Amino acid sequence: MTEAVRFKGVSRHFGEVRAVDAVDMVVGEGEFFAMLGPSGSGKTTCLRLIAGFERPTAGQIDIFGESSANVPPYKRHVNTVFQDYALFPHLNVLDNVAYGLMIAGMGKRERHHLAEEALELVALPGYGSRKPSALSGGQRQRVALARALVNKPKVLLLDEPLGALDLKLREQMQEELKALQRQLGITFVFVTHDQGEALSMGDRVAVFNEGRIAQVGPPEEIYFRPQVPFVAEFVGSSNLFDPALMERLSGIAEYATVRPEAVRVHPNGSTQGHPAKVTSTSFLGTSSRVVMNLDGTRLTALLPKGADIPEPGATVIATWEAADLHIMNGAVVGAAGEAHNG
Amino acid sequence: MHSSGAPFWLKAAAIGGLMFMHIPILLIFVYAFTTEDRSYQWPPPGLTLDWFAVTWNRSDVWAALGLSLRVAAISTVIALILGTLCAAAVSRTKFFGRETISLLVILPIALPGIITGISLRSAFNLADIPFSFWTIVLGHATFCVVVVYNNAVARFRRTSGSLVEASMDLGANSFQTFRYVILPNISTALLAGGMLAFALSFDEVIVTTFTAGQQQTLPIWMLEELVRPRQRPVTNVVAMVVVLVTFLPILGAYYLTRGTDTVAGQGK
């Protein structure tokens, strides 16, 4: 795997704030790399470091094997799709898309031709003469994408590009972006705070917390085998057991998670298991969610359609297969405590 | 409840106020055509166009008008450059003392012109700078910069900062970004600020009396003419020209900045 981007101990501090703190990571060529995390976790700063809008306080960033230190943004072969799209309001759509080519000195006919092709790629043919203000949010998003792609970047950076779109459009754009990335083979680095988006789109996902990468790996690994409590809590709605509870339940004083869909609920006294008190239930269509109190810890179960739904206030027996209990061997307890508070 | 119209007394008061402000200006225009040249007699005993020809042939009028136009033009150019740079610095970057600088830039227009005038005059004296065309320009630039700065800073604040980053991201260096992104987005604000600055400079009296030597700008020439009555309607003809020269830019500035309340580059 050729390395598209490599972070070597990169930090970016703003005064006392360690926005990015000694991050090491590698993005492979042609990869769809998702950076996931809550706001303020450092993922956007990492993106801006790759683009060159921020300079690292310490460490080095290599882009395709070459140090990017002292390379200004306009000399990097990366392009960005901005969160607010940042389309030039005084230019029409075609000139917006052709901007990078115009700066590169390409003639008007040629660059307009390529811009028109890029607009076709994002399913906006014939929109060239419109002003950005006359477009909908989804259309602006596509123009921003075309404006970046027309320059044939080696790495495309996307800063929460779907954040401003409504749910349906967002899902559609997720599929289109993924398909586009496969078709073009360009490395995508995608920033999002939406775990579903990161897991469904990324070839690999890096979960950020407080300026550091908590875990990086394929979506299945992030989802089913979180290495630290923060990842378990942030990615999806996994049930997290702290070491004290685990010691009482199984005698192993480690953090552990169990997916809600792996939890079964039985009437009190009908089987061996863990007694819990139902606090609320909700109907979700194909399944029902039962939230319980297990010895002071919140336990959520997703029951399939047709299962018996207990009444709130009832005491039930919660069970799960031993294989579904993921024990985080050697999770740092101190860091876990911080994640818990956050 | 939404009433369909204002009460009669309010309308009358509004019309009265507007007439009080504007009828004297019309009188100035009428006296430009009077046949009586020593005192302002109402009604004018007769009407004539002779004063236009007389004015045309007066070399002192042309000298004053030329000086005023040159001073206004150069002050405006200086104000456009310095005001824009200052606005960019204050709105684009954060630095120690930014608010203080912002205040210091605006101060000359808040200060009474007579203070600006006296202080400049004593400063020129102290530095042994002889009064000239350039001392007038310097005096005018102090308040012209403010007008441009205020217009530009408002537009900078309304222009999304990510536009600059987007331009850099697409390969444009600082100069290209200024040329292709910043300038088109602030141009109407600069034009409006420049027109206002020009109009302010063109009819400035107080600062000019302190910073001019023997030279007369047009407003100063008019003041002198009023004290020495000689071919009085010539002053009125000149007054009409001044009204036109200052009114048109201000009107233009108004139309240019109208309807630009939306934030340029705002995404959603």
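Only a predicted model underlies this, so the values are computations on that prediction, with no experimental measurement involved. (Residues numbered from 1 in each chain as written. Chains lettered and ligands numbered in written order. Predicted model: local features only at pLDDT ≥ 70, side-chain atom pairs only at ≥ 80, totals over all residues. Heavy atoms only, no water.)

Draft legend 1. Representation of the overall build of chain B in the model. Of the regular secondary structure elements, chain B holds 11 helices and 0 strands. From first element to last, N terminus to C terminus, chain B shows the α and β order α-α-α-α-α-α-α-α-α-α-α. Projected onto its principal axes, the C-alpha positions of chain B cover 70 × 65 × 30 Å. Counting the 268 residues in chain B, one finds 40% classified as buried. For chain B, the exposed surface amounts to about 14,900 Å²; the carbon and sulfur share of it is 71%. (Helix = DSSP H or I, 4+ residues; strand = E, 2+ residues; numbered from the N terminus. Buried < 20%, exposed > 50% of the residue type's maximum accessible area, 1.4 Å probe, protein only. Areas by Shrake-Rupley, 256 points an atom, 1.4 Å probe, with all protein chains shown as cover.)

Draft legend 2. Quick peek at the sheet that holds strand S1 (residues 3–14) of chain A. Residue and element names in this part refer to chain A. Reading across the sheet, the 4 strands line up as S2-S1-S4-S5 and stay open at both edges, with antiparallel pairing between neighbours. A strand with exactly one partner marks an edge of an open sheet, and here the two such strands are strand S2 (17–28) and strand S5 (66–67). Sheet topology note: the S1/S2 ladder contains 8 bridges and is antiparallel. Each residue of the ladder has a partner; that of valine 10, found in S2, is valine 23. Here helix H1 (residues 43–51) sits on the sheet in contact with S1, S2 and strand S4 (58–63), set at roughly 115 degrees to S1. (Pairing = 2+ DSSP bridges. Contact = heavy atoms within 4.5 Å. Axes fitted to C-alpha atoms, helices over the stretch in contact; angles between N-to-C directions.)

Draft legend 3. The pattern of salt bridges, seen in detail. This model, assessed by the stated rule, comprises 15 salt bridges over all chains. Between arginine 204 of chain A and glutamate 31 of chain A there is a salt bridge, with the nearest N and O atoms lying 2.4 Å from each other. Placement of the pair is arginine 204 of chain A in strand S9 (residues 204–209) and glutamate 31 of chain A in the loop between S2 and strand S3 (32–36), with a sequence separation of 173 residues. Under the relative-accessibility criterion, glutamate 31 of chain A is labelled buried at 8%. Linking aspartate 203 of chain A and lysine 178 of chain A is a salt bridge whose minimum nitrogen-to-oxygen distance equals 3.1 Å. Here the residue aspartate 203 of chain A occupies a position in the loop between helix H7 (195–201) and S9, and lysine 178 of chain A occupies one in helix H6 (residues 167–184), the gap between them amounting to 25 residues. We classify aspartate 203 of chain A as partly exposed; its relative accessible area is 35%. Take lysine 178 of chain A: its relative accessible area is 10%, and that puts it in the buried class. Look at the salt bridges and you will find they share partners, linking Arg12, Arg48 and Glu54 of chain A together with Glu165 of chain B into a network. (Salt bridge = Lys/Arg side-chain N within 4 Å of Asp/Glu carboxyl O.)

Draft legend 4. Up close: the packing of aromatic side chains. The final tally for this structure, using the stated rule, is 12 aromatic pairs over all chains. Between the aromatic rings of phenylalanine 124 of chain B and phenylalanine 131 of chain B, the centroid separation amounts to 6.3 Å while the plane-to-plane angle is 85 degrees, which identifies the pairing as edge-to-face. Using a relative accessible area of 26% as the deciding quantity, one classes phenylalanine 131 of chain B as partly exposed. Three or more aromatic residues joined by ring pairs make a cluster, and in this case those are Phe32, Phe188 and Phe190 of chain A. (Phe/Tyr/Trp six-rings, centres within 6.5 Å; stacked < 30°, edge-to-face > 60°.)

Draft legend 5. Summary view of the side chain of glutamate 225 of chain B. Residue and element names in this part refer to chain B. With respect to the element layout, glutamate 225 can be found in helix H10 (residues 218–227). Polar side-chain contacts of glutamate 225 include one of 3.4 Å to the side chain of arginine 58. Aside from chain neighbours lying at most four places away, what touches glutamate 225 is Arg58, Asp60, Arg230 and Thr235. (Polar contact = N/O pair within 3.5 Å; in protein donor to acceptor, adjacent residues only side chain to side chain.)

Purely geometric stuff here, so don't read any function into it on its own.
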